[in-house]
Amino acid sequence: QVRLVESGGGLVQAGGSLRLSCAISGSIASINVIDWYRQAPGKQREFVASITRDGSTNDADSVKGRFTISRDNAKNTVYLQMNSLKPEDTAVYYCHALYGLYNSLSNWGQGTQVTVSS
């Protein structure tokens, strides 16, 4: 099993920056993809960014050029650097892992709140 713990959320003014961390433990060698998702009040959870086992990254159009996903293998941690934050980025941010054969398994972290004031 894979366990995920997010941290780094908080309150920031529009235009500011935050870095979220996702600490990973458990069956790390079986992980194929780590994603960041977010969910704003009254809205569906949406994809933000992903990083694969081989280091390939992808991100949503809404965050391109502002958010960057990265990882530190030595620390078993994936980061989401968020710059030029906007009020519409306000949401609970979740770390998500796909692992196992054919990505048959997944797990979510508990989430961390990001609030961007105008």
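For the structure itself, look to the data block above.
Residues numbered from 1 in each chain as written. Predicted model: local features only at pLDDT ≥ 70, side-chain atom pairs only at ≥ 80, totals over all residues. Heavy atoms only, no water.

Colleague: Run through the state of the cysteines, naming residues and quoting values.
Modeller: Under the definition given, this model contains one disulfide. Here C22 engages in a disulfide with C95; their sulfurs sit 2.0 Å apart. Taking the sign of the S-S torsion, -85° for the link of C22 and C95, the bridge is left-handed. One end of the pair, C22, is in strand β3 (residues 18-26); the other, C95, is in strand β9 (residues 91-99), with 73 residues separating them in the sequence. Its relative accessible area of 0% is what places C22 among the buried residues. Classification of C95 by relative accessible area gives buried; the value is 0%. (Disulfide = S-S within 2.5 Å. Helix = DSSP H or I, 4+ residues; strand = E, 2+ residues; numbered from the N terminus. Buried < 20%, exposed > 50% of the residue type's maximum accessible area, 1.4 Å probe, protein only.)

Colleague: Outline the pairing of strand β4 (residues 31-39), supporting the account with residue identities and numerical values.
Modeller: For β4 and β9, the ladder comprises eight bridges, and the chain directions are antiparallel. Paired with Q39 across the bridge in β9 is V92. Strand direction decides the pairing type here: β4 and strand β5 (residues 46-52), joined by six bridges, are antiparallel. The residue bridging I34 from the neighbouring strand is I51, located in β5. Here β4 hands over to β5 after six residues, with G42 in that stretch at a positive phi of 75°. (Pairing = 2+ DSSP bridges.)

Colleague: Quick one: what's the story with the pattern of salt bridges, residue by residue and with numbers?
Modeller: Within this structure, the stated rule accounts for four salt bridges. Across the pair E46 and R38 runs a salt bridge whose closest N-O atoms are separated by 2.6 Å. Take E46: its relative accessible area is 35%, and that puts it in the partly exposed class. Among the ionic contacts, a cluster of salt bridges with common partners joins R38, E46, R66 and D89. (Salt bridge = Lys/Arg side-chain N within 4 Å of Asp/Glu carboxyl O.)

Colleague: Please provide a residue-by-residue account of the side chain of E6, values included.
Modeller: Counting through the fold element by element, E6 comes out in strand β1 (residues 2-7). Buried and without a salt bridge, E6 has R45 as its closest oppositely charged side chain, separated by 7.5 Å. Separated by 2.7 Å, the side chain of E6 and the backbone nitrogen of C95 make a polar contact. Within the structure, the side chain of E6 is placed 2.9 Å from the backbone nitrogen of Q110, a separation counted as a polar contact. Discounting chain neighbours no more than four positions away, the residues touching E6 are S21, C22, W36, Y93, Y94, C95, G109, Q110, G111 and T112. (Lys, Arg positive; Asp, Glu negative; His and termini not counted. Polar contact = N/O pair within 3.5 Å; in protein donor to acceptor, adjacent residues only side chain to side chain. Contact = heavy atoms within 4.5 Å.)

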